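The residues making up each chain are set out below.
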Amino acid sequence: MEKRNPGQRCPLTAALGDEDYSVRIEAVKALSLIGSEKVVEVLTDALGDRNRAVRLEATDALVKIGSKKALEVLVLALGSKDDFVRFGAIGALSRANPREAADPLIKAFQEENKLVRLGAAEALGQMGSERAVEPFLVALQDEDEFVRWIAAKALGKIKSDRVSERFTDILEDKSHYVRREAAKAIGTACSDKALEHLISALSDEDEFVRKAAAEALGEIVPEIADSGTAADALVRMLNDKSHFVRLEAAKALGMIRFREAIYPLLFVLGDENRFVRKEAAKAIGQLESERVLELLSQALMSENQFVRQGAARALGQMNPDGNRNQMSDKVFDSLDSAFEDKDKLVRREAARSLENISKNMPERAFKSLINALDDEDDEVRRLLAGILTCLGSEKAVPRLVSALKSHDPVVRRFAAEALGQTGSEKAIEPLIDTMLSDTIGFVKGEAARALGKIHSGKAVEPLVSALLDENNEGKWGAAEALGRIKAESAAAPLILALEDKDDFTRLAAAKALGRIKPKKAIEPLINTLYDQNRFVKAEAAGALMKICTKEDKEQMQNLLDSENELAANLAFEILEEIEMEELSKTRVFPDLQ
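Calculation rules
- Residues numbered from 1 in each chain as written.
- Predicted model: local features only at pLDDT ≥ 70, side-chain atom pairs only at ≥ 80, totals over all residues.
- Heavy atoms only, no water.
- Helix = DSSP H or I, 4+ residues; strand = E, 2+ residues; numbered from the N terminus.
- Buried < 20%, exposed > 50% of the residue type's maximum accessible area, 1.4 Å probe, protein only.
- Contact = heavy atoms within 4.5 Å.
- Areas by Shrake-Rupley, 256 points an atom, 1.4 Å probe, with all protein chains shown as cover.
- Axes fitted to C-alpha atoms, helices over the stretch in contact; angles between N-to-C directions.
- Parallel < 35°, antiparallel > 145°, perpendicular 65-115°, else oblique.
- Left-handed = near helix turned anticlockwise from the far one by under 90°.
- Salt bridge = Lys/Arg side-chain N within 4 Å of Asp/Glu carboxyl O.

Enquirer: I keep staring at the overall build of the protein and nothing clicks. Help me out?
Expert: Counting secondary structure elements, the protein contains 37 helices and zero strands. Going through the 593 residues of the protein one by one, you find that 53% of them count as buried. For the protein, contacts bridging at least 24 residues in sequence account for 64% of all contacts bridging at least 6. As displayed, the protein has an accessible area near 29700 Å², and 48% of this comes from carbon and sulfur atoms.

Next comes the structure, spelled out in structure tokens:
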């Protein structure tokens, strides 16, 4: 890009003093395009701006200029006590050209200021500079624990083959911070030697070093899968005193699908830490399905409630192999047993698992779901009710109709929604009954909406009755449904609903009129443009756009003089739309036939 004339910097420099920080940010961006040494001085001052966004933008501008002086300023900024300037400088330098920025950063890494050294190491690590490997390897021998730590951390990001030779030394460092970073770095090496070092690190006295080693093993799945030694070491880690280590070990075992881990992982389902239990359940679900299923069925009978919860959770993680239908059927049978558990937490896990696998065999899932919908626990019922809408089919109608009588209004609401998705006329009468007689407003509304999705003229009269009933709190659903059905006979009741006291009903009525497009609704919709609710006004405007045609030009022209800005602008748009439509119908060359 051609650089701008340095003479332009004066007004931009003045803009850096503007009270509006967004103006100052734009000034910084513009200065980065000029790129003169004088600009670098101005941007250096901007690093002290009172707004952090401006300070961050200044670091980005300096790296875009990329001159020697600009890089020097950024390197110095690595020692700033301002976190935003420091992190901005690190990020900026990591994006700089390595050939130009590496040497200044390596020099900065050897400074005494710890913040500068940390920032330089971070930038070099993110940059992936091979030239920094040797200085970092030397720094691993430094007496200062902090220096060794940042060097090990940076080497892990660079991922150089030259580092693997020093793994043993790093893992024997007296600082657990350094050893932890070494374990993380080893996981990126993917060699037999690296694997050996990671297995050794699993025995470290520090829990976070062991955690890092287990986590690193989980990231090199192919190597572990072929190593019984590594897998056995991870199994032993399931008994580690640190829950962080147990969690990472369970995760890694699930990723490599180590068959011999089934029994140890089942035992971990009773772990005292819920996150470990959750990871163990996930790992079990990734192992051999047929063998695991039998053991999970047994675990559901355990006296330990955590084991039963974990078993129910694992059932939802299973990926059946072999005869899919036969396997899935057994999974559902096991979940049915879990729904009978005395512990509500086990039943909740069963509900979540049912949701995970319901798409595999929706009809079989529906059977399990309906049988458990009357659970005494609110959370179980609501988890299951949420699945209803995913399983709507003609065969499900009788059971969904039964669910409309549930004592839980949330279940009734989801049952109504699911019936609407079936599109079955068998659902019309039960939904009408629910819309008119249910005691809860949101259930009434959902039943009305469902009738609209079925698109049956049989529902129009009851929907109008519900819309005109002042005591029916589901009127909004009735208005929406009448619009979906495009019931022209409902235009008058919908126009009346534009003055309803309920915002949602007025909004739904306006939207419905836009679908039906009755000309007699134009004047009432114009009046609705003065509604106190902005969403209702917007919906009325949208409806008018759909209804008005060239026959309504005079009415729209009168509206142009309205004091209501929305009404006047809308009239202008409608008239413009009408004019464009008329032009599109005009022949450009009338003589050509």
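Enquirer: What is the right way to read unusual backbone geometry from this model?
Expert: Note: most peptide bonds trans; most residues except glycine with negative phi. In this structure, histidine 455 is a non-glycine residue whose phi angle is positive, near 60°. Counting through the fold element by element, histidine 455 comes out in the loop between α29 (441-454) and α30 (460-468). Positive phi, normally seen in glycine, also occurs at lysine 517, with a value near 60°. Within the secondary structure, lysine 517 sits in the loop between α33 (503-516) and α34 (522-528). Lysine 517 sits in the partly exposed class, given a relative accessible area of 47%.

Enquirer: Please explain the packing of helix α16 (residues 228-237) against helix α17 (residues 243-256) as it appears in this structure.
Expert: What describes two packed helices is the angle between their axes and the distance between those same axes. One can describe the packing of α16 onto α17 by two numbers: an axis separation of 8 Å at closest approach and a directional angle of 140°. Between α16 and α17, the angle is such that the two are oblique. Read as a crossing pair, α16 and α17 show a hand that is left-handed. Facing α16, whose interface residues are Ala231, Leu234, Val235 and Met237, α17 presents Val245, Arg246, Ala249, Ala252, Leu253 and Ile256.

Enquirer: Explain the pattern of salt bridges here, please?
Expert: One side chain can pair with another of opposite charge once the charged atoms of both are near each other. Applying the stated rule across the entire model yields 38 salt bridges. One salt bridge in this structure joins glutamate 349 and arginine 352, with 3.5 Å as the shortest N-O distance. Separated by three residues within a single helix, glutamate 349 and arginine 352 lie in helix α23 (residues 344-357), roughly one turn from each other. Judged by relative accessible area, glutamate 349 falls into the buried class, the value being 11%. Arginine 352 sits in the partly exposed class, given a relative accessible area of 35%.

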